[in-house]
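# Structural features, examined
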Amino acid sequence: MPIDRRELERLIPALRRYARGMTGDRSSADDMVQDCLVRALDNERQFRGENLPGWVFTILTNVVRSKMRSVRRQPQFSEVTDIAVGGDADPATRIAILAALSGLSEEQRQPFLLTAVEGFSYRETADMLDVPIGTVMSRIARARVALSERLDGAPVVPLRRIK
Amino acid sequence: MSGAERKITEADFVAFADERLEPADRAAVEVWLAEHPDDRKTVEAWRSQTAALRAALDPTLAEPLPAAMAALLSSPAPRRRSWSMPALAASLALAIGLGGGVFLGQSDWLGQARTADRGDIIAKAGYRAHKMYTAEVRHPVEVAANEEDHLVSWLSKRVGAPVKAPDLSAQGLKLLGGRLLPVEGDPAAQLMYEGANGDRYTLFVTKSDGAPPTAFHFEEWGAIGCYYWIDGNLGYALNGPKDRDKLMAIATRIYEQIS
């Protein structure tokens, strides 16, 4: 059924945030969101009128998956400003958490961001990613453990050693 | 059952950190954490991860909507245009060229409704894809023209019918490449061409879905014009800068090469 354009527009900031977290790159992320919106509009007849956020995020996770696979890339959080400008976060903390995030596998980042940042339920996330709910839980647990290790272990910004 | 007797799993820690547990389960986990400081430290660290991650990513939410996304959402329904004389003349010529103009005598109203519907879908989807990908600087195409053979065979395979990349050098256009897209859940191909002045044209091709052949129809969306038609088991939409004569010439050239 037809999608309410205004409702779709209200989802865009969150779609961009998710794609940004997945790719680590502003322009690639926005390309993916644009692609997602085109697909949503072209396929709106398939929308059943329930849970638009879930439906659109499912499209986005598929776009992200196929794009990232096709270029075989890990996110490159080269500059923090590439993710987002402003905000209250301390820059060093922001660099550290994003660097740690980029070290997670795509499989771990997806359910982790969908639940912890985008606020989807475990059930919705399992449906979106088309995996059992137990798999979602264990991937999130692995993501959390890996993040903790990275944040506690390695120095946040590698120090240049001067001889 | 006392909370402390409940078996606590890793999933409980995750759900606890995410604040997704039911009150009874939450109480059970709290009892456990009170007795296991290491686990409590882990879960607290997980909560601060979430806070730090949100603080790092949330500023994205405040960014202005990119113009391309706004344009996509506000793109008006195409303005329906009546047939222009040159287009009618050209399609008559094509009809005769096809041998008898059988399709102009189409009297099956159901078939006509199906054609209008499918043609409309193809024109709109072609336009959206045009608008989206011609604006791309870094990734205008998925497979570039230097792999034309691969491009054509890949798209033909996915679309399910022979997709050809017409040679438009006579019109001053060179093939940039193409990509695969969905239209109503079906695969569609987009081929992109570029003129010396940087103008981009796209040819959108997908299955006609049983719709009978048509002649050329014209639609326009702002500065973009589109000729679309159905031929055999494929439907086509040519989008480009709205110069009708030039678009007609290109559409005719395409038609000559693919039929």
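Cut-offs used in this document
Residues numbered from 1 in each chain as written. Chains lettered and ligands numbered in written order. Predicted model: local features only at pLDDT ≥ 70, side-chain atom pairs only at ≥ 80, totals over all residues. Heavy atoms only, no water. Helix = DSSP H or I, 4+ residues; strand = E, 2+ residues; numbered from the N terminus. Buried < 20%, exposed > 50% of the residue type's maximum accessible area, 1.4 Å probe, protein only. Contact = heavy atoms within 4.5 Å. Areas by Shrake-Rupley, 256 points an atom, 1.4 Å probe, with all protein chains shown as cover. Expected span 1.5 Å × (residues − 1). pLDDT = per-residue confidence, 0-100. Salt bridge = Lys/Arg side-chain N within 4 Å of Asp/Glu carboxyl O. Core = buried A, V, L, I, M, F, W, Y, C linked by side-chain atoms within 4.5 Å. Phe/Tyr/Trp six-rings, centres within 6.5 Å; stacked < 30°, edge-to-face > 60°. Lys NZ or Arg CZ within 6 Å of the ring centre and 35° of its normal. Polar contact = N/O pair within 3.5 Å; in protein donor to acceptor, adjacent residues only side chain to side chain. Buried area = accessible area lost by both parts, 1.4 Å probe. Nonpolar A, V, L, I, M, F, W, Y, C, P; charged D, E, K, R; others polar.

Moving on, we get to the overall build of chain B. Within chain B, the regular secondary structure consists of eight helices and eight strands. Going through the 259 residues of chain B one by one, you find that 48% of them count as buried. A fraction of 60% describes how many contacts in chain B between residues 6 or more apart in sequence connect residues 24 or more apart. When the accessible surface of chain B is summed, it comes to about 12,300 Å², and 55% of that surface belongs to carbon and sulfur atoms.

Helix and strand counts for chain A stand at seven helices and zero strands. Taken from the N to the C terminus, the helices and strands of chain A come in the order α-α-α-α-α-α-α. For chain A, buried positions account for 53% of its 163 residues. Long-range pairs, those at least 24 residues apart, make up 70% of the contacts in chain A with a sequence separation of at least 6. Summing over all exposed atoms, chain A offers an accessible surface of approximately 7,900 Å²; the carbon and sulfur share of this is 51%.

Moving on: helix 5 (residues 106-117) of chain A. The periodicity of an α-helix, 3.6 residues per turn, causes residues three or four places apart in sequence to face the same way. All names here are of chain A. Under the 1.5 Å per step criterion, the end-to-end length of helix 5 is 15 Å for twelve residues, consistent within 8% with the ideal 16 Å. For helix 5, the tally of buried residues reaches eleven of twelve residues, placing the bulk of the element in the interior. Buried within helix 5 we find Glu106, Gln108, Arg109, Gln110, Pro111, Phe112, Leu113, Leu114, Thr115, Ala116 and Val117. Just downstream of helix 5, Gly119 is the residue with a positive phi angle, here 80°.

A few words on the confidence of the model for chain B. Residues and elements named next belong to chain B. When pLDDT is averaged along chain B, the result is 81; 82% of the residues meet or exceed 70. In the model of chain B, strand 1 (residues 79-80) stands out as the element of lowest mean pLDDT, 36, in contrast to strand 5 (residues 200-207), which has the highest, 95. Throughout residues 95-113 the model reports pLDDT below 50, and contacts reaching past four residues in sequence, or to other chains, amount to 13 contacts. Across the whole predicted complex the pTM is 0.56, and at the interface the ipTM reaches 0.84.

Let's shift gears to the pattern of salt bridges. A full pass over the atoms with the stated rule returns 21 salt bridges over all chains. Arg128 of chain B is the partner of Asp42 of chain A in a salt bridge, and the nearest nitrogen-oxygen pair spans 2.5 Å. Pair noted here: Asp42 of chain A is in helix 2 (residues 26-42) and Arg128 of chain B is in helix 6 (residues 109-134), and the two residues belong to different chains. Each member of the pair, Asp42 of chain A as well as Arg128 of chain B, is classed as buried.

Of all hydrophobic cores here, the largest spans 89 residues; its most connected members are Phe112 of chain A together with Phe204 of chain B. Among the elements that line this core, the one with the most residues is helix 3 (residues 52-71) of chain A, at nine residues. If sequence neighbours within four positions are ignored, Phe112 of chain A has contacts with Leu101, Leu104, Val117, Ile140, Ala143, Arg144 and Leu147 of chain A together with Gln49 and Leu53 of chain B. The next biggest cluster of nonpolar side chains, apart from the first, holds 31 residues, and it includes Leu151, Leu168, Trp229 and Ile258 of chain B.

A few words on the packing of aromatic side chains. The way to describe two aromatic rings as a pair is by their centre distance and the angle between their planes. All names here are of chain B. If you walk through the whole model with that rule in mind, you get nine aromatic pairs over all chains. A ring pair is formed by Tyr127 and Trp221, whose centres lie 4.3 Å apart and whose planes are at 10°; its orientation type is stacked. With Tyr127 in helix 6 and Trp221 in strand 6 (residues 217-221), the pair connects residues that are 94 residues apart, well separated along the chain. Judged by its relative accessible area of 6%, Tyr127 is buried. Ring centres of Phe218 and Tyr227 lie 4.9 Å apart, and the angle between their planes is 55°; this geometry places the pair in the tilted category. For Tyr227, a relative accessible area of 1% puts it in the buried group. Through a chain of ring-to-ring contacts, the aromatic side chains of Phe216, Phe218, Tyr227, Trp229, Tyr236 and Tyr255 assemble into a single cluster. Against the face of Phe218 rests Arg244, its NZ or CZ located 3.8 Å from the ring centre.

Attention now goes to the side chain of Ser148 of chain A. Along the chain, Ser148 of chain A turns up in helix 7 (residues 133-152). Residue class for Ser148 of chain A comes out buried when judged on its relative accessible area of 14%. In terms of polar contacts, Ser148 of chain A uses its side chain to reach the side chain of Gln49 of chain B, at 2.8 Å.

Now for the interface of chain A and chain B. Counting from both sides, the interface comprises 55 residues of chain A and, opposite them, 41 residues of chain B. Here chain A and chain B share an interface that buries about 4,300 Å² over both sides, 59% of which is from carbon and sulfur atoms. Counting the surface chain A buries against chain B, the share from its top three residues, Arg17, Asp42 and Arg144 of chain A, is 16%. If you look at where chain A meets chain B, you find six salt bridges. Among the ionic pairs, Glu63 of chain B bridges to Arg20 of chain A, the shortest N-O distance being 2.9 Å. For the pair chain A and chain B, the interface holds 18 residue pairs in polar contact (both at pLDDT 80 or more). Elements that contribute at least two residues to the side of chain A that touches chain B include exactly helix 1 (5-23), helix 2, helix 4 (91-102), helix 5 and helix 7 of chain A. Ranked by residues supplied to the side of chain A that touches chain B, first place goes to helix 2 of chain A with 13 residues. Of the residues belonging to the side of chain A that touches chain B, the class tally is 27 nonpolar, 13 polar and 15 charged.

Turning to its location among the elements, Arg142 of chain A is positioned in helix 7. Taking the C-alpha atoms as reference, Arg142 of chain A lies 9.9 Å from Arg109 of chain A; in sequence the two are 33 residues apart.

The next subject is unusual backbone geometry. Trans is the prevailing form of peptide bonds, just as negative phi is the prevailing case for residues other than glycine. In this structure, Asn51 of chain A is a non-glycine residue whose phi angle is positive, near 50°. With relative accessibility at 37%, the residue Asn51 of chain A sits in the partly exposed group. Phi at Glu19 of chain B takes a positive value of approximately 55°, unusual for a residue other than glycine. Inspection of the secondary structure assignment puts Glu19 of chain B in the loop between helix 1 (10-17) and helix 2 (23-35).

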